[in-house]
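# Structural characterization, general
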Amino acid sequence: MSYDCHSPPYSHSITLSDSFICCFVTQLVFEKEGVYLHTNAKRSNQDTTIPGFIRIVERGGEPALEWSALEDEGRNAAAVFYTKKDGEGGVEDTNFDPGYEPDWAVISTVKRDQVREHPPVKETSQWSFSLPLSELYSLRRSRFSLGRNFLVFTSRGGHPLPPLHFHRGGTRELLRAMQRYIILAPSPVDGRLFLAYPHDSGALSQSFDELHLFDDGSSDLVSRFIQDPYATTFGGFSKVTNFFRGALRPPDSPFHPRGPQDHHGPPSADDEPGFELITCGVELGPKPDVTRGQPLDKWEEFLDPEGRVKDPQQIKELVFRGGITPSLRKDVWKFLLGFYPWNSTVKEREDILRMKTDEYFRMKVQWKSVSEEQEMRNSLLRGYRSLIERDVSRTDRHNTFFSGNDNPGLTLLNDVLMTYCMFNFDLGYVQGMSDLLAPLLFVTQNEVESFWCLTGFMEMVHQNFEESQEAMKQQLLQLSLLMKALDPELLDYLDSQDSGSLCFCFRWLLIWFKREFSFEDILSLWEVLWTRLPCENFHLLMAASILESQRGEFIGSDHDFNTILKHINELTMKLDLQTVLRGAEANYLQLACCKELPVKVQEVIGLYVPPSPDDETSAESESHETQQLLSQSQAAATETSQSSNSTAAAAARPRPTYP
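Looking up the protein chain in an unreviewed UniProt entry gives the name TBC1 domain family member 15, with the organism given as Oncorhynchus kisutch. The protein chain has a UniProt comment under Subcellular location (unreviewed entry) that states "Cytoplasm". Taken from UniProt, the Function (unreviewed entry) comment for the protein chain reads in full: "Acts as a GTPase activating protein for RAB7A. Does not act on RAB4, RAB5 or RAB6."

### Considerations on the environment of Leu 440
Position of Leu 440 among the secondary structure elements: in helix α12 (residues 433-444). Placed 17 residues apart in sequence, Leu 440 and Phe 457 show a C-alpha to C-alpha distance of 9.5 Å. Those residues in contact with Leu 440, other than ones at most four positions away along the chain, are Trp 333, Leu 337, Gln 445, Ser 450, Cys 453, Leu 454, Phe 457 and Trp 530.

### Observations concerning the pairing of strand β5 (residues 62-69)
Among the eight residues of β5, seven are classified as buried, and the element is accordingly described as predominantly covered. In terms of strand pairing, strand β4 (residues 49-59) meets β5 through eight bridges, oriented antiparallel. Within β5, the residue paired with Ile 56 across the bridge is Leu 65. The turn linking β4 back onto β5 is made up of two residues, and Gly 60 within it adopts a positive phi angle of 65°. The pairing of β5 with strand β8 (residues 129-132) spans four bridges and is classified as antiparallel. In the strand pairing of β8, Ala 64 is matched with Pro 132.

### Brief notes about the nonpolar core
Within the largest apolar cluster, 116 residues are counted, with the highest numbers of intra-cluster contacts made by Leu 502, Leu 525, Met 542, Leu 547, Leu 591 and Ile 605. Here this core gets nine residues from one element, more than from any other, and that element is helix α21 (residues 577-592). What Ile 605 contacts, discounting residues up to four positions off in sequence, is Leu 482, Cys 535, Leu 541, Tyr 588, Leu 591, Ala 592 and Leu 597. Core analysis: the next-biggest nonpolar cluster, separate from the first, contains 30 residues, Leu 161, Leu 175, Met 178 and Leu 184 among them.

Basis of the calculations
Residues numbered from 1 in each chain as written. Predicted model: local features only at pLDDT ≥ 70, side-chain atom pairs only at ≥ 80, totals over all residues. Heavy atoms only, no water. UniProt positions renumbered as here; feature names shortened; annotations may be inferred. Helix = DSSP H or I, 4+ residues; strand = E, 2+ residues; numbered from the N terminus. Contact = heavy atoms within 4.5 Å. Buried < 20%, exposed > 50% of the residue type's maximum accessible area, 1.4 Å probe, protein only. Pairing = 2+ DSSP bridges. Core = buried A, V, L, I, M, F, W, Y, C linked by side-chain atoms within 4.5 Å.

Okay, structure coming up:
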């Protein structure tokens, strides 16, 4: 249920003291149901959410933001009042405990007017609140445990209200209604934080100073802004958000938001969600055409007489471009995963294998020799064993190597994972690691070799499995940065549907798309990713490529968080790997060719090099290499279309050389 500012007024009573009751006629400006209050984000095992209504009301000419629980609607009275910070007639409530970790908000004491008493309330009414918009200091969008988005409002007294989740959407409508009374300006240091200012020139000047929008501190700043807000604003700050721009736009501006009938013009600020709309700030060129190559089908010719790999970089480039012929995987994977050094001789590799075999079985004996009685007193080992047995019984059972009962492949899978717990005590076993091992064991057909290949693989992804999940959070943020640069409209749409966290990509990144592609495709994909070309975060560019491929499904649809999640899950086994790889490389080349790419995006794709005063030509050199890379890729596409598909022609085709 949602009302706009034309809804009829209603009235209710608010208890101010035991002997004085004052009735106010209240104008309802906005109302939205299905807004859940999050009572406890710190003690997650005791977490509760309370459904309710969010409103903007005008009472006595002053707008206020109110939330009340669904079961309290018969009363329409907020249980907690926040008064103006005038320092008069207030007492400090030092017993207030918000019940959630305030790592993103400042907690201070709550000032409460002495003449205002709480009305009789039910149990859930302790969470109801009414906050004058003039007393709103900031709002922040937060996420807890990679879950859904919450809005957190903070009063000017430094008091954060409990987080609110808009289960049925409506955040944009709420913020539009708030724009009638206040300006929401983005924090210069936190893209998820917006500061509230009243509609007056003094506050505008203050907001510009705090945002460091302008180097010019002249006194006519406000007058220049009012006369020409676009030239003044964009001339000083290229990353002003669409939300802020929309809040400051005068009603008679030629750029006034379009009416609902205008569907073909460029989107206006009001068509987009109110958060994180800071764009890349630059125009990307067109996506280049990318072609894939033939798989690596020769090995001996790349070795010198003593068995050393003559040009490891060339091998990596060939593997990145086309993968590896199945018959060579067992040999090449050991180099890609660090089991053998690239410069090792045949004799040295024999010694390495002997040493690694001894080391593996010493670790295996450690857990094999633990008696049942000992294990009863070792809850950690007992827990690992139980979790591994459960995961092994359901890992890739459709594959003949692991199918059926009493399959020796399952025994090997179990033993390698148990031995890894001895190798890495700190990490042990985490669900998902069996998915990483199964293809390695399938290809090597060897217990010892698969174990050491697993350790090499885990060197790349072990942070994904750490309990803090900080690495996963970081990757989702990096993916969001890439999407903001590659397709900001798609990211804004997902954001408007409480999906801007991209948490539905969690499984993709955790186990490198293991559940999204067929077993055979995963063998091809992982060997490409193990080359670490063109950058270590190529898997993020793949995720962006998949999301872009679904653009037509999302934009203009009526999907919400749940249906978006359902659609993403249903992509399993429906994606074409080569199309996704081409799209991911095209994304990289498109970003790399942008001369004004933001530093944060450069860092994600491995292009950022801290400036050095001794090397003034480094930026020019990097730009030249990127242009050369693009030219090579385009030349490859042209040559492919003009030549046959033979292996010899593929070998002759020029290949991009990635740094």
